[in-house]
Amino acid sequence: MRGFSINGRDGLCAAIFILLGVFFAMQSLGMELGTAFRMGPGYFPLVLAGFLILLGLIILVQATQYAAEPVGPIAWRGMFFILPAPIVFGLTVRGLGFVPAVFLTAMIAAFASSRMKPGIALLLVSGLTIFSVIVFSYALGLPFRRFGPWLD
Amino acid sequence: MDLFNNLALGFSTAASPWNLLFCFTGVMLGTLIGVLPGIGATATIAMLLPITFQLEPVSSLIMLAGIYYGAQYGGSTTAILINMPGESSSAVTAIDGYQMARQGRAGVALATAAIGSFFAGTVSTFLVAIFAPPLTSIALKFGAAEYFSLMVVGLISSIALAHGSVIKALAMVVLGLLLGLVGTDINTGTPRFILGIRDLSDGLNFVAMAVGVFGVAEILRNLENEQTRSVMIKKVTGLLPTREDFRRMAAPILRGTALGSALGILPGGGAILASFASYTVEKRVSKHPQTFGKGAIEGVAGPEAANNAGAQTSFIPMLTLGIPANPVMALMIGAMIIQGIVPGPNVATEQPALFWGIIASMWIGNLMLIVLNLPMIGLWVKLLTIPYYVLFPIILAFCSIGVYSVNSNVFDLYSVAFFGLIGYVLVKLHCEPAPLLLGFVLGPLLEENLRRAMIISRGDATVFFTRPISATLLAIALAVLVIVLLPSINRKREEIFVED
């Protein structure tokens, strides 16, 4: 008898699929299911969710069979700077306007790399902002306010 | 002859100065992103999709198509010169192409790739022109059951192309289908899975999702271990292949074109599979297989012809049936919908100028690539020296602007961050994003056709097996599934994908 062991990567993967499957299944059960003849809004998603849970279980079983190679490095710094960048754009584009929003977004993103130096970042981001304003705002005429009400 | 009238219409549309300009812009942008690693055609098209809203439908589709095959072209340039395939479809080219470059035959390798691609592009453009109309008339006879089965084939084939575990890829398809159902159910108006968020009642934004799982997640993956790319490029000289080279590349190009055209038509198939298949075939039929991997010109000519042919013919299911064969085609369908065109068999009859214009522009675009790019290789190579940390803030800013301009809805930007995170986690867990995206696009269509088929058959599920076309399609799907699940093939498939 060998001991029970599970590889972390596939175990986590299975857990995600099963949990998502359970979530979709529970939500579907709260809707009208209907019959195969006249399917309600919950019918097809419930079938899919059941299938997803089943696939998750298969991955889980497989995860106990063999070990996986290590996950490798994780881009913590990247995630810390890259993921907020579009959110900042979303938070500022209406209030501050297009120009500051592009500048801030690119600036935040620039620091995701440990190789980026502040001077280069400033130069790059300024150039990018000017380019974006010319292309998107003037040339393509996208209907953004260049400077928003917060700056008035 | 209808064919010639149609092609004449197509060329007169595609050759208007305005459309030539967009075709040119498209292939240049495509080559650029193909050369630059870390940003692929899918993310670029997703990024530019909103901007094309301002253009004429035909111009925007011509440009987006140009990005797609331009990227393949640029990808092979870097594969040959620095052993780094810019696009996954040119992974195979790197094997022998880079060896040729090391032997001082970089120019010949590049020329071979260009000649192979152009020949394949020309032939497959005609194939699209010949096969699209009859397929369209078959497609017009398709009922709900046939559409459902066809989409099942597409989804299953996308699994065959994913790296790693088949089960995980299948799970990604199912998850994609479920995510596609988020929003208001069109038949009953019931909100589904929206968790009380009002912005979700129209469903998740496709562009935001594509940018997140392809663009943002890809940036994160590149940031894991940043290394300076030491690009040592000698001046590329001697572009012209010798008579002996021509003799050796002719047959592989022909075989690659045939193989690529056939595989490209399959939903879920396309350029990547075609290039791998061609390499395997060439190695098998070669009289001197030991030279493969050591700079065999056949190993460049065949796969390059195949991936270009596959890229062209993968437009067939999209143009005739409105079914995307790969994520890029899914985005093209998105572009059509933004423009108010309903993708499907009616496009050819209702919008002949658009339909034939796109087909003709592919040939023109290929011509531009060969004429403009061979002399410009030096410039593209210089671009490789741009460090990655300069690129991704630009990519991210353009992504944000692009996504916001679709609906001017800030919620879409939060979705980008969310899907970026999800995409990165899934990549870390060895789950491929392509099947997810395909599932997402097809989810609502699949459900709609399933429901309709069941209502027409009065709840009798056997309708999918008793209608001949539908039954054939399902048999194909089953066959593909069985094949990829066979242990021996599965192992082989993993071996092939390990190489890229």
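Here is what the cut-offs are and how they apply
- Residues numbered from 1 in each chain as written.
- Chains lettered and ligands numbered in written order.
- Predicted model: local features only at pLDDT ≥ 70, side-chain atom pairs only at ≥ 80, totals over all residues.
- Heavy atoms only, no water.
- Phe/Tyr/Trp six-rings, centres within 6.5 Å; stacked < 30°, edge-to-face > 60°.
- Helix = DSSP H or I, 4+ residues; strand = E, 2+ residues; numbered from the N terminus.
- Lys NZ or Arg CZ within 6 Å of the ring centre and 35° of its normal.
- Salt bridge = Lys/Arg side-chain N within 4 Å of Asp/Glu carboxyl O.
- Buried < 20%, exposed > 50% of the residue type's maximum accessible area, 1.4 Å probe, protein only.
- Axes fitted to C-alpha atoms, helices over the stretch in contact; angles between N-to-C directions.
- Parallel < 35°, antiparallel > 145°, perpendicular 65-115°, else oblique.
- Left-handed = near helix turned anticlockwise from the far one by under 90°.
- Contact = heavy atoms within 4.5 Å.
- Nonpolar A, V, L, I, M, F, W, Y, C, P; charged D, E, K, R; others polar.
- Core = buried A, V, L, I, M, F, W, Y, C linked by side-chain atoms within 4.5 Å.
- Domains from an automatic or database assignment.
- pLDDT = per-residue confidence, 0-100.
- Buried area = accessible area lost by both parts, 1.4 Å probe.
- Polar contact = N/O pair within 3.5 Å; in protein donor to acceptor, adjacent residues only side chain to side chain.

Chain B is annotated in an unreviewed UniProt entry as Tripartite tricarboxylate transporter permease from Phyllobacterium salinisoli.

Going by what an unreviewed UniProt entry lists, chain A is known as Tripartite tricarboxylate transporter TctB family protein and is assigned to Phyllobacterium salinisoli.

A. Fine view of the packing of aromatic side chains. Here the structure, examined in full by the defined rule, presents 18 aromatic pairs over all chains. Where Phe 136 of chain A meets Phe 398 of chain B, the ring centres are 5.6 Å apart and the plane angle is 65°; that geometry is what we call edge-to-face. Of this pair, Phe 136 of chain A sits in helix H6 (residues 118-139) while Phe 398 of chain B is found in helix H17 (residues 388-407), placing the two residues in two different chains. The interplanar angle of 75° and the centroid separation of 5.3 Å between the aromatic rings of Phe 418 of chain B and Phe 419 of chain B together place this pair among those described as edge-to-face. Here the aromatic residues Phe 89, Phe 98 and Phe 144 of chain A together with Tyr 404 of chain B are joined through ring pairs into a cluster of three or more. Sitting over the face of the ring of Tyr 138 of chain A, Arg 146 of chain A holds its NZ or CZ atom 4.0 Å from the ring centroid.

B. Layout of the pattern of salt bridges. All names here are of chain B. Enumeration over the complete set of coordinates arrives at 14 salt bridges over all chains. A salt bridge links Arg 192 to Glu 447; its shortest N-O distance comes to 2.8 Å. Placement of Arg 192 in strand E2 (residues 191-192) and of Glu 447 in helix H19 (residues 433-456) is noted, with a sequence separation of 255 residues between them. The same class applies to Arg 192 as to Glu 447, namely buried. A cluster of three or more residues bridged by salt bridges with shared partners is formed by Asp 185, Arg 192, Glu 447 and Arg 451.

C. View of the environment of Ile 33 of chain B. With respect to the element layout, Ile 33 of chain B can be found in helix H2 (residues 17-35). Sequence separation between Ile 33 of chain B and Gln 72 of chain B is 39 residues, and the spatial gap between their C-alpha atoms is 9.4 Å.

D. Spotlight on the packing of helix H2 (residues 43-63) of chain A against helix H8 (residues 166-180) of chain B. In contact at an axis separation of 9 Å, H2 of chain A and H8 of chain B are set at 155° when each is read in the N-to-C sense. The angle between the axes of H2 of chain A and H8 of chain B places the two elements in the roughly antiparallel class. The two elements H2 of chain A and H8 of chain B cross, and the hand of that crossing is left-handed. From H2 of chain A, Pro 45, Leu 48, Ala 49, Phe 51, Leu 52, Leu 55, Ile 58, Ile 59 and Gln 62 of chain A reach across to H8 of chain B, where they touch Ile 167, Lys 168, Leu 170, Ala 171, Val 174, Leu 175, Leu 177 and Leu 178 of chain B. Split into classes, the residues belonging to the contact of H2 of chain A with H8 of chain B amount to 15 nonpolar, 1 polar and 1 charged.

E. Here's a closer look at the nonpolar core. In terms of nonpolar packing, the biggest core is built from 206 residues, with Phe 17, Ile 82 and Phe 89 of chain A together with Leu 179, Phe 315 and Phe 464 of chain B touching the most fellow members. Element by element, the count of residues in this core is highest for helix H16 (residues 352-383) of chain B, at 16 residues. Two domains each put at least three residues into this core: domain 1 (8-63) and domain 2 (76-151) of chain A. Look past the residues within four positions of Phe 89 of chain A in its chain and what remains in contact with it is Phe 98, Ala 101, Val 102 and Thr 105 of chain A together with Ser 400, Ile 401, Tyr 404 and Leu 413 of chain B. Counting residues in each nonpolar core, the second largest holds 5 residues, with Phe 276, Tyr 279, Phe 292 and Ala 296 of chain B among its members.

F. Here's a closer look at the confidence of the model for chain A. Per-chain confidence: chain A averages 86 in pLDDT, with 96% of residues scoring 70 or above. Ranking the elements of chain A by mean pLDDT puts H6 of chain A last, at 88, and helix H4 (residues 84-92) of chain A first, at 93.

G. How the structure looks around the interface of chain B and chain A. Contact with chain B, which involves 65 residues of that partner, is made by 66 residues of chain A. Taken over both partners, the interface formed by chain B and chain A buries close to 5900 Å², and the fraction arising from carbon and sulfur atoms is 81%. Ranking the residues of chain B by area buried against chain A places Phe 193, Tyr 389 and Ile 401 of chain B at the top, with a combined share of 11%. Measuring nitrogen to oxygen at the nearest pair gives 2.7 Å for the salt bridge that ties Asp 10 of chain A to Lys 168 of chain B. Taken together, the connections running from chain B to chain A amount to 8 residue pairs in polar contact (both at pLDDT 80 or more). Of all the elements in the fold, those that place two or more residues in the side of chain B that touches chain A are H8, E2, helix H9 (206-223), H17, helix H18 (410-428) and H19 of chain B.

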